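Residue strings, one per chain:
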Amino acid sequence: CCAFRTHTDIGTVQWERQEMCEMSSASEISANIWLGPTPDYILRPGECSAPDPSQFDLLIEASDLASIPGPRFLATIDQKLEMSPQYIEFPSSGSVVLPSGNTREVEDLVNTLRWIYYLAHPEPTEVADSQGDIEMRHHKKPCRVLIHCADGYTETSLLAVAYFMFAEGVPVHDA
């Protein structure tokens, strides 16, 4: 059946993708955190131009094959963010099974949520001027983060809901 695909079928697939992107375009779910479909330039490299580099600093793709990133990996990405936008993967919704008695994955999940939060909300640092007065300065600009998957929401719900609960301090039924 699949060997007889026609040009019309391919056009229909592209049309469906375009409609899905328009329907589920990226939207801000919390300050500097966006949820949306995988940008076309990632899905079809060379066919689509990359967005303005200032659009997103970090793109997190939900993937069935990904594991929860550890602290060393996040530290490496954190250093690279100052040079260029970065891309990481996070487990898609339904692909994480936390074994009983093992808290490492839970700790890594919470550390990832905390890391994303501080990227989006860098803490100010206290600096004393020549008169000894203390002023607050941000040492980094807030990062704009896109959490994405092909359709914009199916595979991202675990990270999106967990992040929203963490950032906004709300229970799951309000998230």
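See the structure shown above.
**Concerning the overall build of the chain**
Okay, step 1: Broken down by element type, the chain carries 5 helices and 7 strands.
Okay, step 2: In sequence order, the chain lays out its α and β elements as α-β-β-α-β-α-β-α-β-β-β-α.
Okay, step 3: Put simply, the chain has 175 residues, and 31% of those count as buried.
Okay, step 4: When contacts within the chain are restricted to residue pairs at least 6 apart in sequence, those whose partners lie at least 24 apart make up 65%.

**Section: the packing of aromatic side chains**
Okay, step 1: Overall, the coordinates contain 3 aromatic pairs when judged by the stated rule.
Okay, step 2: Centre to centre, the rings of Trp34 and Phe56 are 6.2 Å apart; their planes meet at 75 degrees, and the pair counts as edge-to-face. Highlighted residues: Trp34 in strand β2 (residues 33-37) and Phe56 in the loop between α2 (40-43) and β3 (58-63), separated in sequence by 22 residues. For the pair formed by Trp34 and Phe56, the shared burial category is buried.
Okay, step 3: Ring geometry for Tyr117 against Phe166: centres 5.9 Å apart, planes inclined by 75 degrees, an arrangement best described as edge-to-face. With a gap of 49 residues between them, Tyr117 in helix α4 (residues 104-120) and Phe166 in helix α5 (residues 157-168) connect regions that are remote in the sequence.
Okay, step 4: Tyr117 gets classed as partly exposed once you look at its relative accessible area, which sits at 23%.

**Some remarks on the packing of α4 against α5**
Okay, step 1: The geometry of α4 relative to α5 is characterised by a closest axis approach of 10 Å and an angle of 65 degrees between their N-to-C directions. The orientation of α4 with respect to α5, classified from their angle, is roughly perpendicular. By crossing handedness, the relation of α4 to α5 is classed as right-handed. For the pair formed by α4 and α5, the contact residues are Leu113, Arg114, Ile116, Tyr117 and Ala120 on the first element and Leu159, Ala162, Tyr163, Phe166 and Ala167 on the second.
Okay, step 2: Among the residues forming the contact of α4 with α5, the class breakdown is 9 nonpolar, no polar and 1 charged.

**Observations concerning the nonpolar core**
Okay, step 1: Of all hydrophobic cores here, the largest spans 24 residues; its most connected members are Leu58, Ile60 and Trp115.
Okay, step 2: Those elements that place two or more of their residues in this core are β2, β3, α3 (71-80), β4 (86-91), α4, β7 (145-149) and α5.
Okay, step 3: A per-element tally of this core places α4 first, with 6 residues.
Okay, step 4: The residues contacting Trp115, other than those within four sequence positions of it, are Leu58, Leu74, Ile77, Asp78, Leu81 and Ile88.

Criteria and cut-off values
Residues numbered from 1 in each chain as written. Predicted model: local features only at pLDDT ≥ 70, side-chain atom pairs only at ≥ 80, totals over all residues. Heavy atoms only, no water. Helix = DSSP H or I, 4+ residues; strand = E, 2+ residues; numbered from the N terminus. Buried < 20%, exposed > 50% of the residue type's maximum accessible area, 1.4 Å probe, protein only. Contact = heavy atoms within 4.5 Å. Phe/Tyr/Trp six-rings, centres within 6.5 Å; stacked < 30°, edge-to-face > 60°. Axes fitted to C-alpha atoms, helices over the stretch in contact; angles between N-to-C directions. Parallel < 35°, antiparallel > 145°, perpendicular 65-115°, else oblique. Left-handed = near helix turned anticlockwise from the far one by under 90°. Nonpolar A, V, L, I, M, F, W, Y, C, P; charged D, E, K, R; others polar. Core = buried A, V, L, I, M, F, W, Y, C linked by side-chain atoms within 4.5 Å.

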